[in-house]
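Survey of secondary and tertiary structure
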Amino acid sequence: MPHTNKKELLSARLLIKYASDNVPTKAEKKILIEAASEAASIMRSAVWKMDRLVLFNRPESYLSPIVDEHFRMGGSETKKERTRHLAKVRSGMLTLSFQLNTGLYLIDVDSERRPPDAGGDDFKGTRGYVTNYRPPERGPIHPDFDLAGRSYSPRGLARIIIHEASHRFQFTRDKAYNYNRPKFEAMTVDDALNNADSWAYAALSIDSKSVESSATMVANGHHGQDHS
C-alpha cells in the first residue's frame, strides 16, 4: 500500500493526499485551504504589478528594492540588461500565477511518521519538496501538512507552496535560502533567477509592496526559526 493513500478535495481548486493513518485535522485543513488561496492571490498580485512595470512602462517605485534584493539586480547591469531581467521576472510570475490559480494538488510529506520504505529518516525536518521523475518533468508539490498545525500561518505555508511550485513549473534549483544571508547575497542575477527562494520571497514582497525576508516572516509570526 502506498504511504500516502487517501485523496480529499478540500475546495474547488485544492486536492490533497495523505496517509490514512495520519489524517489532517479540520483546523489543519482550514489552514491548507487558506494557504493555497493566499498563494494564488499573492501570485495574481505579483503579476499585475509586474505587468504595470514591464508592459505599461510604469515607474519601478517600490519594486526597485524588491527585485534588487531578491534577484540581485542593481549592480553593474546596463539598462538593457535590467529591462531583460525584469521581463524574465514578469514571465516567471505569470507562469506561477497560472499554475497556482488553476488548481493545486498537494501531497503530505508526513515527515514525522513516514516509514523507512517511503524515505523514513531522509525526510525528517523536510518542510517541502517536489518529486523529480521522468526528467525534465517534475512531480507534485509535497508540503509538510503538520506545519499547518504548528508554527506556520497560511502566509508561511503559501511561501512554501510558491517555492516548491517554482521548482515544479520553472525547474528552479536551491541555489541559496533566504535565511542564509551570506550565500543569498553572493548570488549572481542568473543564479537568483534560477533560485526557488528568490521567486517565493519576491512574490511575497511584491504583494506587500515591501521587502519580505525570512527574518520578517519570523518577526511577523508566519513561521518559527526552524524553517527551510
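Everything in this summary refers to the structure shown in the same document. Remember, predicted model here, so these are calculated numbers, not experimental data.

Let's shift gears to the pattern of salt bridges. A side chain with one charge can pair with a side chain of the opposite charge if their charged atoms come near. Under the counting rule described, the total for this entry stands at 13 salt bridges. Measuring nitrogen to oxygen at the nearest pair gives 2.8 Å for the salt bridge that ties Glu-60 to Arg-82. On the criterion of sequence distance, the pair formed by Glu-60 in the loop between helix 1 (26–54) and helix 2 (63–70) and Arg-82 in helix 3 (residues 79–101) is long-range, its members being 22 residues apart. The partner of Arg-82 in a salt bridge is Glu-77, and the shortest N-O contact between them spans 2.9 Å. As far as burial versus exposure is concerned, Arg-82 and Glu-77 are alike and both buried.

This part is about the pairing of strand 2 (residues 14–18). When you tally the buried positions in strand 2, you get four out of five residues, the bulk of the element. Joining the antiparallel neighbours strand 1 (residues 6–11) and strand 2 is a turn of two residues. Direction of pairing for strand 2 relative to strand 3 (residues 104–107): parallel, over a ladder of four bridges. Across the sheet, the residue bridging to Leu-14 is Leu-104, located in strand 3.

Attention now moves to the layout of surface pockets. Considered as a void within the structure, the largest pocket measures approximately 190 Å³ in volume. Residue lining of the largest pocket: Leu-53, Val-54, Asn-57, Arg-58, Glu-60, Lys-79, Arg-82, Thr-83, Leu-86 and Ala-87, and that is the complete set. Counting only elements with at least two residues in the lining of the largest pocket, the list comes to helix 1 and helix 3. Among the elements that make up the lining of the largest pocket, the one with the highest residue count is helix 3 (five residues). Partitioning the lining of the largest pocket into residue classes produces four nonpolar, two polar and four charged. Around the second largest pocket, the lining residues are Trp-48, Lys-49, Arg-52, Leu-53, Arg-58, Pro-59, Glu-60, Ser-61, Tyr-62, Leu-63 and Lys-209. Looking at the lining of the second largest pocket element by element, the count peaks at four residues for helix 1. Partitioning the lining of the second largest pocket into residue classes produces five nonpolar, one polar and five charged.

The rules behind the values
- Residues numbered from 1 in each chain as written.
- Predicted model: local features only at pLDDT ≥ 70, side-chain atom pairs only at ≥ 80, totals over all residues.
- Heavy atoms only, no water.
- Salt bridge = Lys/Arg side-chain N within 4 Å of Asp/Glu carboxyl O.
- Helix = DSSP H or I, 4+ residues; strand = E, 2+ residues; numbered from the N terminus.
- Buried < 20%, exposed > 50% of the residue type's maximum accessible area, 1.4 Å probe, protein only.
- Pairing = 2+ DSSP bridges.
- 1 Å grid on protein atoms, 1.4 Å probe; cavity = no way out; pocket = protein on both sides within 12 Å on 5 of 7 lines; lining within 4 Å.
- Points joined across faces, edges and corners; volume = space filled by probe spheres on them.
- Nonpolar A, V, L, I, M, F, W, Y, C, P; charged D, E, K, R; others polar.

In short, the description is geometric, and any link to function would need to be established separately.
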